[in-house]
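A structural walkthrough
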Amino acid sequence: MAKELWDALAMKRALTRITYEIIEQNKGTDNLVLVGIKTRGVYLANRIHDRIQKLEGVDVPVGELDITLYRDDRHDATLKQDPVINSDNVGINIDNKHVVLIDDVIYTGRTIRAAMDALMHVGRPSSIRVAVLVDRGHRELPIRADFVGKNIPTSSDEQVAVNVVEKDGKDSIELKALPK
């Protein structure tokens, strides 16, 4: 059974706050590039792009990164794998840019590590920052998000599901118990 933690309005507020924080830390939008990790990170990156465009009047480049996620919902040891890079074509120039890597949930840190490796194969950014809607803890690698919508402490037998209207028909964040 899923418990809704955030509705569409709460998600919108968090993304707006993250957008302001990105602009503030970057001291504007100069050399700023957004890169969403497929699938939901791409939708979130596009939403942040739209907010920056409304706030600053600037069309910040948005790229997509396709990696296989180290999924939170796979707990059988035989199913766990390191993330696999399916494509290192981000679609935009990241050389000497301030890249904000965007994903829906940060868990062990393996997805972000794989995404940073993929970015380094395509170019040499000036900096890489990480923005996530949810930080659920349980890091296995020393990686943290620079911009976080919500910290949701979880147990290993729970899953955080971020729903986006573009893919799931609604915006929400749910906490689900995994079957035992």
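About the cut-offs
- Residues numbered from 1 in each chain as written.
- Predicted model: local features only at pLDDT ≥ 70, side-chain atom pairs only at ≥ 80, totals over all residues.
- Heavy atoms only, no water.
- UniProt positions renumbered as here; feature names shortened; annotations may be inferred.
- Helix = DSSP H or I, 4+ residues; strand = E, 2+ residues; numbered from the N terminus.
- Expected span 1.5 Å × (residues − 1).
- Buried < 20%, exposed > 50% of the residue type's maximum accessible area, 1.4 Å probe, protein only.
- Polar contact = N/O pair within 3.5 Å; in protein donor to acceptor, adjacent residues only side chain to side chain.
- Contact = heavy atoms within 4.5 Å.
- Pairing = 2+ DSSP bridges.
- Axes fitted to C-alpha atoms, helices over the stretch in contact; angles between N-to-C directions.

Going by an unreviewed UniProt entry, the protein chain carries the name Bifunctional protein PyrR and comes from Lactobacillus acidophilus. Recorded in UniProt under Sequence similarities (unreviewed entry), the annotation for the protein chain is "Belongs to the purine/pyrimidine phosphoribosyltransferase family. PyrR subfamily." Listed in UniProt under the heading Catalytic activity (unreviewed entry), the comment for the protein chain reads: "UMP + diphosphate = 5-phospho-alpha-D-ribose 1-diphosphate + uracil".

Another aspect to go through is helix α1 (residues 8-26). Between its first and last C-alpha atoms α1 spans 27 Å; for 19 residues at 1.5 Å apiece the expected length is 27 Å, and the two agree. When α1 is considered as a whole, its buried residues turn out to be A10, M11, A14, L15, I18, T19, I22, I23 and N26. Sitting at the head of α1, D7 places a side-chain oxygen 3.3 Å from the backbone nitrogen of L9. In the stretch just after α1, K27 is the one whose phi turns positive, near 55 degrees.

This part covers the environment of V42. Tracing the sequence through the fold places V42 in helix α2 (residues 40-56). Put simply, V42 and D103 are 61 residues apart on the chain and 7.5 Å apart in space, counted from C-alpha to C-alpha. Among residues more than four places away in sequence, those in contact with V42 are G36, I37 and E64.

A few words on the sheet that holds strand β1 (residues 2-6). The three strands are arranged β1-β9-β8 in an open sheet whose pairing can be described as antiparallel. With partners counted over all chains shown, the strands left at the sheet margins are β1 and β8 (158-163), one partner each. Between one strand axis and the next, the sheet turns by 30 degrees as a mean value, whatever way the strands run. As paired strands, β1 and strand β9 (residues 172-177) are joined by four bridges and run antiparallel to one another. Within the sheet, the bridge partner assigned to E4 lies in β9 and is E174. Here α1 sits on the sheet and contacts β1, β8 and β9; the angle it forms with β1, its principal contact strand, is near 45 degrees.

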